[in-house]
Amino acid sequence: MSAILLAEDDESVRAFVTRALTHRGHDVTAVGDGEAAINALKAQTYDLMLTDIVMPGLDGLALAETAARINPRMTVLMMTGFADARERANGVRGQQGPVADIITKPFSLQQICNAVDAALSGLFILLVVSILVYAVPACLRALRSNKPTTVETPFEPMPAAR
């Protein structure tokens, strides 16, 4: 389904979330710290990164900032059990486009899966809106001019139906 990078220093949480998301059909790469996550981001493209905020070394906020430079289209979900970390992340959330949500620990299997599904469906909605922004004005111009036209978009053309 989707390629997900999980950065979580707590081994039991990492195993729990990996198992849940893998069971839902996602391809999960799980790492134990921010530095390992950066290396994974440089090696592969991910649809979503799920990261703990409080980790030794590179924390989740710094990781999200670096991840946005490496893969600006990737969505980021953050998780934390610390109120002050949640407050810091909320402050950054409005500034960093890719941070979709902040999940509070402890969470249930259903809660984490729902958060991931919502973040990934947001990618689909963003794609549809982007296409409409490019295609609708061009189609309206073509209808008004009564001339055939080609719609220019920044997206790859889809293969013809057979």
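Residues numbered from 1 in each chain as written. Predicted model: local features only at pLDDT ≥ 70, side-chain atom pairs only at ≥ 80, totals over all residues. Heavy atoms only, no water.

Q: Hey, could you run me through the overall build of the chain in this one?
A: Helix and strand content of the chain: five helices and five strands. What you see in the chain, going N to C, is helices and strands ordered as β-α-β-α-β-α-β-α-β-α. Put simply, 66% of the contacts in the chain that link residues at least 6 apart link residues at least 24 apart. Carbon together with sulfur atoms contributes 57% to the accessible area of the chain, which is approximately 9600 Å² in total. (Helix = DSSP H or I, 4+ residues; strand = E, 2+ residues; numbered from the N terminus. Contact = heavy atoms within 4.5 Å. Areas by Shrake-Rupley, 256 points an atom, 1.4 Å probe, with all protein chains shown as cover.)

Q: Looking at this model, I keep getting lost on the pattern of salt bridges. Mind explaining?
A: When the charged atoms of two side chains with opposite charge come close together, those side chains can pair. Under the definition given, this model contains four salt bridges. For Lys 105, the salt bridge identified is with Asp 52, shortest N-O distance 3.2 Å. Separated by 53 residues along the polypeptide, Lys 105 in the loop between β5 (99–104) and α5 (109–145) and Asp 52 in strand β3 (residues 48–52) bring together distant segments of the chain. Across this residue pair, the class does not change: Lys 105 and Asp 52 are buried. Ionic pairing is found between Arg 69 and Glu 65, a salt bridge with its closest N-O pair at 3.6 Å. Of this pair, Arg 69 and Glu 65 both sit in helix α3 (residues 60–70), four residues apart, roughly one helical turn. Relative accessible area serves as the criterion here: at 59%, Arg 69 is assigned to the exposed category. (Salt bridge = Lys/Arg side-chain N within 4 Å of Asp/Glu carboxyl O. Buried < 20%, exposed > 50% of the residue type's maximum accessible area, 1.4 Å probe, protein only.)

Q: Mind showing me how you'd approach the pairing of strand β2 (residues 27–31) here?
A: Within a regular strand, side chains alternate between the sheet's two faces. For strand β1 (residues 3–7) and β2, the ladder comprises five bridges, and the chain directions are parallel. The residue of β2 that forms the bridge with Leu 5 is Thr 29. Remark: the β1/helix α1 (residues 11–23)/β2 crossover connection has right-handed handedness. (Pairing = 2+ DSSP bridges. Right-handed = clockwise from strand over helix to strand, strands pointing away.)

Q: Can you walk me through unusual backbone geometry in this structure?
A: Among all residues save glycine, negative phi is the norm, and among peptide bonds the norm is trans. A cis amide bond, omega -5 degrees, links Lys 105 with the succeeding residue Pro 106. Tracing the backbone through its elements, the reader meets Pro 106 in the loop between β5 and α5.

Q: Explain the packing of helix α2 (residues 34–43) against α3 here, please?
A: When two helices pack together, their arrangement is captured by the angle between the axes and the distance separating the axes. It is the contact of α2 with α3, at a shortest axis distance of 10 Å, that shows an interaxial angle of 10 degrees. With respect to their mutual orientation, α2 and α3 come out roughly parallel. Residues Gly 34, Ala 37, Ile 38, Leu 41 and Lys 42 of α2 lie in contact with α3, whose contacting residues are Leu 63, Thr 66, Ala 67 and Ile 70. Per-class residue counts for the contact of α2 with α3 are six nonpolar, two polar and one charged. (Axes fitted to C-alpha atoms, helices over the stretch in contact; angles between N-to-C directions. Parallel < 35°, antiparallel > 145°, perpendicular 65-115°, else oblique. Nonpolar A, V, L, I, M, F, W, Y, C, P; charged D, E, K, R; others polar.)

Q: Just checking my understanding: could you explain the packing of aromatic side chains for this structure?
A: Within this structure, the stated rule accounts for one aromatic pair. When the centroid spacing of 6.5 Å and the interplanar angle of 35 degrees are considered together, the rings of Phe 16 and Phe 107 count as tilted. With a gap of 91 residues between them, Phe 16 in helix α1 and Phe 107 in the loop between β5 and α5 connect regions that are remote in the sequence. (Phe/Tyr/Trp six-rings, centres within 6.5 Å; stacked < 30°, edge-to-face > 60°.)

Q: Quick question: what am I supposed to make of the confidence of the model for the chain here?
A: Do not read the predicted coordinates in detail wherever pLDDT is low. In the predicted model, the chain carries a mean pLDDT of 78, and the fraction of residues at 70 or more is 65%. Across the chain, element-level confidence peaks in β2 with a mean pLDDT of 98 and bottoms out in helix α4 (residues 83–93) with 53. In the predicted structure, residues 155–162 sits below a pLDDT of 50 and forms four contacts with residues beyond four places in sequence or in another chain. (pLDDT = per-residue confidence, 0-100.)

Q: What's the story with the side chain of Arg 14 in this structure? I'm lost.
A: Within the secondary structure layout, Arg 14 lies in helix α1. There is no salt bridge for the buried Arg 14, and the closest opposite charge comes from Glu 11, which lies 4.5 Å off by N-O distance. For Arg 14, the contacting residues outside a window of four places in its chain are Leu 6, Glu 8, Asp 9, Ala 30, Val 31 and Gly 32. (Lys, Arg positive; Asp, Glu negative; His and termini not counted.)

Q: Please explain the nonpolar core as it appears in this structure.
A: Within soluble globular proteins, side chains that are nonpolar tend to cluster in buried spots. With 20 residues, the main nonpolar core has Leu 5, Leu 41, Tyr 46, Met 49, Leu 63, Met 74 and Met 78 as its most contacted residues. Looking at this core, the elements that each hand over two or more residues are β1, α2, α3 and β4 (75–80). Leu 6, Met 79, Phe 107 and Ile 112 belong to the second largest nonpolar core, which has 19 residues in total. (Core = buried A, V, L, I, M, F, W, Y, C linked by side-chain atoms within 4.5 Å.)

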